[in-house]
Amino acid sequence: MKNWYAVHTYAGFENKVRAGILETVSKLGLQDRFGQILVPTEEVLTLKGGKKRKSQRKFFPGYILVEMELDDSTWHIVKETPKVTGFVGGTTDPTPLSEEEVGRILKQTEEGAVAPVQPKDAYQKGDRVRVIDGPFSSFIGTVEDVSPTHGRLRVMVSIFGRSTPVELEFLQVEREIS
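Residues numbered from 1 in each chain as written. Predicted model: local features only at pLDDT ≥ 70, side-chain atom pairs only at ≥ 80, totals over all residues. Heavy atoms only, no water.

Asks: Help me understand the overall build of the protein chain in this model?
Replies: For the protein chain, the helix and strand inventory stands at 3 helices and 12 strands. Counting over 178 residues, the protein chain shows a buried share of 33%. (Helix = DSSP H or I, 4+ residues; strand = E, 2+ residues; numbered from the N terminus. Buried < 20%, exposed > 50% of the residue type's maximum accessible area, 1.4 Å probe, protein only.)

Below you can see the structure in the form of structure tokens.
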């Protein structure tokens, strides 16, 4: 019986680990012992060079999910894949993920593909932000109101020495680093 296991990888190498496992499984002809190998992601909008771009954000950086029948040979295939540090839940006899946990993650992945695209940062009232796009570019302000459903913020910026509210999209600002 196949179960889902969380596998810890080097951060940023999740897709290479996935490809490495798939290649080894294919070479050894063990496709019947493995199911899906997932890097759970969601689509997000970013702003680069004044243009909106879609990119993928990982739900669990440094982890992949592997559906497999656990035995010595399948354990070694995964464990010996370059950039894998081990299984979550035990070094030699890992604990499988619960059906509820896997269902929630799969649902989150599917919803991420059809849900409205989310910004990379979540903003709250009082956050300091820098405007990176539009007529107020390079101004620094404080978030006064957040409207996640509309993807907009009201930011108080200082214009000619006066604090003025400006309506901006999430993509037009970035968190100010102190």
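Asks: Can you walk me through helix H2 (residues 72-79) in this structure?
Replies: Helical geometry note: an α-helix holds 3.6 residues per turn, so side chains three or four residues apart project in the same direction. Those residues of H2 not exposed but buried are Thr74, Trp75, Ile77 and Val78. For H2, the arc enclosing every buried residue in end-on projection is 160°, short of the 170-degree limit, so these residues lie on one face. Contact partners of the buried residues in H2: strand E1 (3-9), helix H1 (14-28), strand E2 (34-38), strand E5 (63-68) and strand E6 (84-87). (Arc of directions from axis to C-beta. Contact = heavy atoms within 4.5 Å.)

Asks: So what exactly am I meant to see when it comes to the nonpolar core here?
Replies: For soluble globular proteins, the rule of thumb is that nonpolar side chains tend to be buried together. Counting residues in each nonpolar core, the largest one holds 17 residues, and the members touching the most others are Ile21, Phe34, Ile64 and Val66. At the level of elements, E1, H1, E2, E5, H2 and E6 are the ones that each hand at least two residues to this core. Apart from residues no more than four positions distant in its own chain, phenylalanine 34 is found in contact with Lys2, Ile21, Val25, Val66, Glu67, Met68, Thr74, Ile77 and Val78. Core analysis: the second largest hydrophobic core is formed by 12 residues, Tyr123, Val129, Val131 and Leu168 among them. (Core = buried A, V, L, I, M, F, W, Y, C linked by side-chain atoms within 4.5 Å.)

Asks: I would appreciate a short explanation of the pattern of salt bridges in the present structure.
Replies: Enumeration according to the criterion identifies 10 salt bridges in this entry. In this structure, the salt-bridge partner of glutamate 14 is lysine 58, at a minimum N-O distance of 3.6 Å. Here lysine 58 lies in strand E4 (residues 51-58) and glutamate 14 lies in helix H1, a separation of 44 residues in the sequence. Between arginine 152 and glutamate 169 there is a salt bridge; the shortest N-O distance is 4.0 Å. One end of the pair, arginine 152, is in strand E10 (residues 152-159); the other, glutamate 169, is in strand E11 (residues 162-169), with 17 residues separating them in the sequence. (Salt bridge = Lys/Arg side-chain N within 4 Å of Asp/Glu carboxyl O.)

Asks: What exactly am I supposed to notice about the side chain of arginine 33 here?
Replies: Residue placement: arginine 33 occurs in the loop between H1 and E2. Sequence-distant contacts of arginine 33, defined by excluding residues within four places in its chain, comprise Lys2, Met68, Glu69, Asp71, Ser73 and Thr74.

Asks: What am I meant to see in the sheet that holds E11 here?
Replies: Paired through backbone hydrogen bonds, the strands of a sheet run either parallel or antiparallel to each other. Spatially, E11-E10-E9-E8-E12 is the arrangement adopted by the 5 strands of the open sheet, whose pairing is antiparallel. Each edge of the open sheet is held by one strand with a lone partner, namely E11 and strand E12 (173-175). Each strand of the sheet is rotated relative to its neighbour by a mean of 45°, with strand direction disregarded. Of the pairings in the sheet, the one linking strand E8 (residues 128-131) to E12 comprises 3 bridges and is antiparallel in character. (Pairing = 2+ DSSP bridges. Axes fitted to C-alpha atoms, helices over the stretch in contact; angles between N-to-C directions.)

Asks: Please clarify how H1 should be interpreted in this entry.
Replies: Between its terminal C-alpha atoms H1 stretches 21 Å, which fits the 21 Å expected from 15 residues at 1.5 Å a residue. Where H1 is concerned, the buried positions are Glu14, Val17, Ile21 and Val25. Seen end-on, H1 carries its buried residues on one side only, within an arc spanning 65°. In this structure, H1 carries Lys16 and Lys27 as exposed residues pointing more than 90 degrees from its buried face. Just beyond H1, the residue with positive phi is glycine 29, at close to 65°. (Expected span 1.5 Å × (residues − 1).)

Asks: How should I be thinking about the pairing of strand E9 (residues 140-147) in this particular structure?
Replies: On a regular strand, one side chain projects to one face of the sheet and the next to the other, so that they alternate. Judged from the 3 bridges that link them, E8 and E9 form a sheet pairing that is antiparallel. Paired with arginine 130 across the strands is isoleucine 140, a residue of E9. Where E9 lies against E10, 6 bridges are found, and the strand directions are antiparallel. The residue bridging aspartate 145 from the neighbouring strand is arginine 154, located in E10. Here E9 folds back onto E10 in antiparallel fashion, the turn holding 4 residues, of which glycine 151 has a positive phi close to 70°.

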